[in-house]
Structure formats: C-alpha cells, structure tokens
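Below are the chains, spelled out letter by letter.
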Amino acid sequence: QVQPVESGGGLVQAGGSLRLSCAASGRTFSSYAMGWFRQAPGKEREFVAAINWSGDTTWYADSVKGRFTISRDNAKNTVYLQSTSLKPEDTAAYYCVAVVLRAGVWMPADFASWGQGTQVTVSS
C-alpha cells in the first residue's frame, strides 16, 4: 500500500505560487499512478492532476491546466504539485492518493489510503 503525507500548503495572495509535496511510504510507490485531489468547504472532493508511474505522462483538470504541474521523484517516493497563478477558487485542502483510470475518469485506487491533506488558502 501507499500511505501519503502531504505538506507545503499555506496562505498566499492571488497570483502567487506554492509547491505541494506528498511523501508516500510503501515499497511499491513507483508501481502506481499518483494523483492530487482537492476539497473546498461544502463541496465534493475533485480531481486536480495525475501522473503515471514513470512520470512521463500527466493529466490535469481543465480548471488548473496551464497553471499547475504535477511531477514525481520515485527515488524519493515523492509527488509534487507546483501551483502558479493561484486564484481564490483554488482554496481547498489538497490530497494525494494512488489513482486508477476507469472509463476515462481518474479515481482513487481501491487499495488507496488518504493522507491528512494540506490546506491552501488564496486571498483576493
């Protein structure tokens, strides 16, 4: 299994940047695609970005495309989310998780464990 621990969130002004990190324990980390999801207060958790096991293919939600970049370092068992040009609507708790692609939709893998998340707050 892959147990993630997210970090790097914080308070930032609109237009600013943050780099989120997800350190994942588990010997099989490099076997799985990994993804970032986010959840704003009162809203459902939504997909943000995903990266395949080798790190050479990425996917993004339309809302973050061109502003966010997902990457991974399998030697460090870590996934990153570089977020730029942040907007107030990006305010949410961000989570990373092992993911699978089913019927064209990225979703948490059946065996996936959720971390505690990291809070991103963007002020206008």
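In this report, the structure presented in the accompanying data block is examined. (Residues numbered from 1 in each chain as written. Predicted model: local features only at pLDDT ≥ 70, side-chain atom pairs only at ≥ 80, totals over all residues. Heavy atoms only, no water.)

What follows is about unusual backbone geometry. Of note in this structure, Asn77 is not a glycine but carries a positive phi near 50°. Turning to its location among the elements, Asn77 is positioned in the loop between strand E7 (68–73) and strand E8 (78–83). Judged by relative accessible area, Asn77 falls into the partly exposed class, the value being 22%. Backbone geometry places Ser85, a non-glycine residue, at a positive phi of 50°. Assignment of secondary structure puts Ser85 in the loop between E8 and strand E9 (92–102). (Helix = DSSP H or I, 4+ residues; strand = E, 2+ residues; numbered from the N terminus. Buried < 20%, exposed > 50% of the residue type's maximum accessible area, 1.4 Å probe, protein only.)

One finds Met34, Trp36, Val48, Ile70, Leu81 and Tyr94 to be the most contacted residues of the largest nonpolar core, which totals 35 residues. Among the secondary structure elements, those contributing two or more residues to this core are strand E3 (18–25), strand E4 (33–39), strand E5 (46–51), E7, E8, E9 and strand E11 (118–123). The element best represented in this core is E9, accounting for six residues. (Core = buried A, V, L, I, M, F, W, Y, C linked by side-chain atoms within 4.5 Å.)

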